[in-house]
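# A closer look at the structure
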Amino acid sequence: MKTTAHHPLSGTAADRIESGSQAPFAEIELPIAGMTCASCVNRIERFLGRTPGVETAVVNLATEVATIRYLPDVAGRTELVGAIQAAGYELKATAVREAGEDAADALEFEADTETRERQREQRGLLVKALVSIAVAAGIMAITFWPQNAVPMETLNRIVVWPATIIQFWAGRRFYEAAWRAARHGGLTMNTLVVVGTSAAWGYSVVVTTFPEFVRAAGLEPQTYFDSSTIIVGLILLGRWLEARAKGRTTGAIRRLIGLQAKTARLLRDGDELDVDLAVVRPGDLVRVRPGEKVAVDGIVVEGSSAVDESMLTGEAMPVVKSPGDEVIGATLNTTGTIVFRATRVGRETALARIVELVKRAQGGKAPIQRLADRISGVFVPIVLGLGALTFLIWLAVGPEPRPTHALVSLITVVVIACPCAMGLATPTAIMVGTGRGAEAGILVRGGEALETAHRIDTVVLDKTGTLTLGKPAVVEVVTAPGFDPAGLLDLAASAERGSEHPLGAAIVTRARLDELGFRAVRDFTAIAGHGVEATVGPAPERTVLVGNLRLLADHGIDPGPLVADADRFAAEGATGVLVAIDGRAAGVVAIADPLKDSAPEAVRALERLGVETWLVSGDARRTAEAVARRVGIAPERVRAEVLPADKAAAVEALQALGRRVAMVGDGINDAPALAQADLGVAIGTGADVAIETSDITLIGGDPRGVAAALELSRATMRVIRQNLFWAFAYNVVLIPVAMGVLQPAFGITLNPALAAGAMALSSVSVVTNSLRLRGFDARPGSATGPGRDGSPDRPERAATTYPA
């Protein structure tokens, strides 16, 4: 069991943005035993939903977990467990640690516990399945024994004992589950198995015990012990195959957990100590050497190195980390040695939060699943009714011996009608799809977000931090005759050292790359809105001005031809900072928010998918249009100089035109637009606000991840539709065949053994089809889904004319 306080990951994006409306909800995850089909899921959800204080209850058949959001003051664990028991089910007897524990190995402990439980269940299923099938094979062999050697009555008295053992030893799980449901007026998949196998076994026992009575009725003393045992064996074998396949769908979580380091190297009192992660606390200094994993999240305080973050972000190129930069636990240090101060440990690390988000996503339910749930809620009673109708019809008009034929038809109908495949169709695909996304740095909040993403036809992109790096940088230096770029940067950076303006910081940062900007400065003056003035030494001292045209004009300095350079930079979306030295215009430093290398490709990838891209920015129109031009967005699809609240209005205007809109931003000042959009996508490094306000988070910051996320969604929804189609088609086609509609015209019938095998294979086929998603490469820029070959996944549509 896992309990957490209400987390912002719950609810819709609008709910998370709306201020002052947070109710004191808690969330609990309860592992449930005995679920076998979608009707089980539907029944538990109904019982939990009727419990006072419960807001939502989502039960996942694939993970066998109920996620319940409730008011602790109204309902407690006792009431929730009672509702599950009232539905006819029990909690799993697993030892899982409480959420919020500080132990760093809590995630691994939970994963190991779950793995052991699954393995134990799989071993039990396999042993009982193989024994049942072996006994069934033996019974079949005995029944073919020559009757002139051993009478049929004698053979029946021999096989009744092993058949009875199989019925109540291997089939005990079906009886227990069916009885739990029946006590509370419920019917499940187990009810169908019990009815079918019990009818075959019970009739055979009567034939074995009273053969004279059967002969007196004009019937042969034929038994169906082989059918009852093979049905139990094949269904158990199908459950084993299903359990193995479901275990493979959780592999993404295991791989994510396996990324974390096992130990950390602490610095204490001048010594280095290798300790377990559980010992590390926020504020501790940790050293990481080349080739080692970063133990926990922190801030670099010493050294510089390139860190490979591909295991979490999907970004192949290592990222240079210097003092002040953030490092993420589980990433790999490559070249240098760094010392960082731990900021988040245990369950608070980025990796732990990603694992938790993936678990929530895998436990969620897509809206498309509701159809299967509604059908499965009434499916079992309908099947039992059809089985009874089949029995009565063949008993009245069937071929001789009518009772035997009617009984076999009844058994076949109730055994073949399995709603398991319908229950597994959606959750298994969501588990695999969201897991693949997480491994590529695409965090999907849940099934609803995944389903919404595949319908997106318009993407609104923020500029700063989405298409650009979000940090001003020097992109070009132009000097007047008599000045050189290095000398200009040296003097300008020295003068700007005392400035807090981001443009000045960009000049200083660029100069430091060449070890410039360290000259002595006196008489520093910051002129608000214009720039700075300072005397830079040592001898000969130079008077330096760094700022705009107005600053130079106020000092009577003619910028001359440098004005044209400043205008050119402005047309390209950059800011031209003028530098004057000793009363002469010396040059222009172009400062811009550099475009991400992958931005143009990100826009092209969306266009290939048939998705229309828009740029909405608070920057000046000239800057926004320059960025749009460089990435390939048409000028008529640019909205500039908009406030954060106006971004939401821009999204709403597109929605009013019938578009399904995704907003892509940094998750902070774009929060209103993220909430307004059909799909909110936060792009960045997984900051708290980004994860909490978005439906999808791209933790690597690569804008190509937007197209990859949409491709992943489309691939997952295709698999879900395939699963649901075959699950429904299986029942629509085979139930009538089992009832015998083809027998009068074609002589085609199904026997109970074939019905059991077909039922088991239907569930296995659905899970296996979902596992195909494991081959989908969701890494930004390298996805294997549609659209990578240049062909759109949907028909092209005319560009939208934005309303005035």
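Preceding block: the structure.
Residues numbered from 1 in each chain as written. Predicted model: local features only at pLDDT ≥ 70, side-chain atom pairs only at ≥ 80, totals over all residues. Heavy atoms only, no water.

### A closer look at helix 7 (residues 189-209)
In a regular helix each residue adds 1.5 Å, so 21 residues correspond to 30 Å; helix 7 covers 30 Å between its end C-alpha atoms and thus fits that length. Of all 21 residues that make up helix 7, 15 are buried, and the element is covered over most of its length. (Helix = DSSP H or I, 4+ residues; strand = E, 2+ residues; numbered from the N terminus. Expected span 1.5 Å × (residues − 1). Buried < 20%, exposed > 50% of the residue type's maximum accessible area, 1.4 Å probe, protein only.)

### Details of the sheet that holds strand 20 (residues 542-547)
Overall, antiparallel pairing links the six strands, which are arranged 17-22-21-20-19-18 in an open sheet. With partners counted over all chains shown, the strands left at the sheet margins are strand 17 (473-479) and strand 18 (521-527), one partner each. Pairs of neighbouring strands in the sheet enclose a mean axial angle of 20°, with direction left out of account. With six bridges connecting them, strand 19 (residues 531-536) and strand 20 associate as antiparallel partners. Across the sheet, Val536 pairs through a bridge with Arg542, a residue of strand 20. (Pairing = 2+ DSSP bridges. Axes fitted to C-alpha atoms, helices over the stretch in contact; angles between N-to-C directions.)

### Thoughts on the nonpolar core
The tendency in soluble globular proteins is for nonpolar side chains to be buried side by side. Core analysis: the largest hydrophobic core is formed by 130 residues, its most contacted members being Ile68 and Val459. Per-element tally for this core: the top contributor is helix 26 (residues 704-739), with 16 residues. Not counting the four nearest positions on each side in its chain, Val459 is found in contact with Leu606, Val611, Glu612, Thr613, Trp614, Ala662, Val664, Val706 and Leu710. Residues Leu488, Leu489, Val532 and Val546 belong to the second largest nonpolar core, which totals 25 residues. (Core = buried A, V, L, I, M, F, W, Y, C linked by side-chain atoms within 4.5 Å. Contact = heavy atoms within 4.5 Å.)

### Topic: the side chain of Ser598
Here Ser598 shows up in the loop between strand 22 (584-592) and helix 21 (599-608). Note on Ser598: relative accessible area 13%, which makes it buried. Here Asp702 takes part through its side chain, which lies 2.9 Å from a polar atom of the side chain of Ser598. Look past the residues within four positions of Ser598 in its chain and what remains in contact with it is Asp702, Pro703 and Arg704. (Polar contact = N/O pair within 3.5 Å; in protein donor to acceptor, adjacent residues only side chain to side chain.)

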